[in-house]
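Residue-level listing of the chains:
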Amino acid sequence: MKAVGYQTAGSIDRPDALLDIELPRPVPTGRDLLVEVQAIAVNPVDTKVRRSTTPPPGEYKVLGYDAVGIVREVGPEVRLFQPGDAVWYAGAIDRSGSNAEFQRVDERIVGHRPVSLPAAEAAALPLTGITAWELLFDRLQVPLAGQGRPASLLIVGAAGGVGSVLIQLARQRTGLTVIGTASRPESRAWVAELGAHHVIDHRQPLAAQIAALDAPPVDYVISLTHTDTYFTQLVEVLAPQGKLALIDDPEPIDVRLLKRKSLSLHWELMFTRSLFQTADMEAQHHLLNALAGLVDAGVVRSTVQARLGPICADNLKKAHALLESGGAVGKIVLEGFR
């Protein structure tokens, strides 16, 4: 089968950073599905793994997490899907990825894809959708609409992939006032378009901007980027007994600053359930089905902002370079193999 992989970790500028290769077609076992990949999205985690993880000598590392495709074969223990099902998923960080014509993936982290979106549009949502959902409802345990007191959610770096879904989920499933941060005109417009009640500039002091808003107390903060840069400001703007969640890998932060306000700190990694085969691993299956329902109901939209053509090494290099430039808004997708 066709695939894109690499043998040596390093810069995307290397000639062998990503290569078009041929690999054997996988065979599903246990609860695995064999999915024929139709479309993928590229995420910051792809670039992080490519820069830092070298496979064993002679082997190729195949990246890729977001995917949409068709189930072609199933393992003997599969009970949630059958051949021919159209699916979407974000994969597992410890298994071969979706930058291949066929991929083995555990059915417990796979959902039925939305029927209302083309494959490429749908591919933008699984990883960021799972991350956003788990941040709001598993880590921060935000009440559903009508069940909590008035409160605000501050999203730092709201124009990126996760932020783009967070805004929509918070608006559609909670009663929170959503405050998103963005600095460039195009990213500010994107955050407002997705439904944030307020957009502020993370290049300016946050507390003064929030104080000028007609908004409830900030009970929740989700920091998606540069948490170490904003940490003291986030502690300042959070209401007493508030909650701070993050997904990035910051430089050391002084958690002692959380004590005076009794603030809690929550980390989210959407790969945790698959990596540790947790007892609730199937929650991601149900989550993805619920997200597909919201998409088909027209209340959550795709966050595609760049389409780079077919899946091949050259186009994936462009996607990685764009993500590493820090200029990406929304999600980057590729469709079909060349």
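In short, a report on the structure.

## Considering the packing of aromatic side chains
We describe a pair of aromatic rings using the distance from one ring centre to the other and the angle between the two ring planes.
Part 1 of the reasoning: In the structure shown here, the tally under the stated rule is two aromatic pairs.
Part 2 of the reasoning: Taking 5.6 Å as the distance between ring centres and 70° as the angle between the ring planes, the aromatic pair formed by Trp 133 and Phe 137 counts as edge-to-face. Placement of both Trp 133 and Phe 137 in helix H3 (residues 126-139) is noted, with a separation of four residues, approximately one turn of the helix.
Part 3 of the reasoning: Taking relative accessible area as the criterion, Trp 133 reaches 12% and is therefore assigned buried.
Part 4 of the reasoning: Since its relative accessible area comes to 15%, Phe 137 is described here as buried.
Part 5 of the reasoning: Here the guanidinium or amino end of Arg 25 rests over the ring plane of Phe 102, the centre of that ring lying 4.1 Å away.
Part 6 of the reasoning: Geometry around Phe 137 places Arg 173 over its ring, the cationic atom sitting 4.8 Å from the centre.

## Re the nonpolar core
Here is a general trend for soluble globular proteins: nonpolar side chains tend to be buried in one another's company.
Part 1 of the reasoning: Formed by 90 residues in total, the largest nonpolar core has its most connected members in Trp 88, Leu 136, Leu 166, Leu 169 and Ile 222.
Part 2 of the reasoning: Ile 179, Val 218, Leu 244 and Leu 263 belong to the second largest nonpolar core, which has 17 residues in total.

## Describing the sheet that holds strand S12 (residues 243-246)
Part 1 of the reasoning: Spatially, S10-S9-S8-S11-S12-S13 is the arrangement adopted by the six strands of the open sheet, whose pairing is parallel. Every other strand in the sheet has two partners, leaving strand S10 (198-200) and strand S13 (264-267) as the edge strands with one partner each. Across the sheet, the mean angle separating the axes of adjacent strands is 20° when strand polarity is ignored.
Part 2 of the reasoning: Relative to S13, S12 runs parallel, the two sharing four bridges. Its bridge partner lying in S13, Ala 245 is registered against His 266.

Procedures and definitions
- Residues numbered from 1 in each chain as written.
- Predicted model: local features only at pLDDT ≥ 70, side-chain atom pairs only at ≥ 80, totals over all residues.
- Heavy atoms only, no water.
- Phe/Tyr/Trp six-rings, centres within 6.5 Å; stacked < 30°, edge-to-face > 60°.
- Helix = DSSP H or I, 4+ residues; strand = E, 2+ residues; numbered from the N terminus.
- Buried < 20%, exposed > 50% of the residue type's maximum accessible area, 1.4 Å probe, protein only.
- Lys NZ or Arg CZ within 6 Å of the ring centre and 35° of its normal.
- Core = buried A, V, L, I, M, F, W, Y, C linked by side-chain atoms within 4.5 Å.
- Pairing = 2+ DSSP bridges.
- Axes fitted to C-alpha atoms, helices over the stretch in contact; angles between N-to-C directions.

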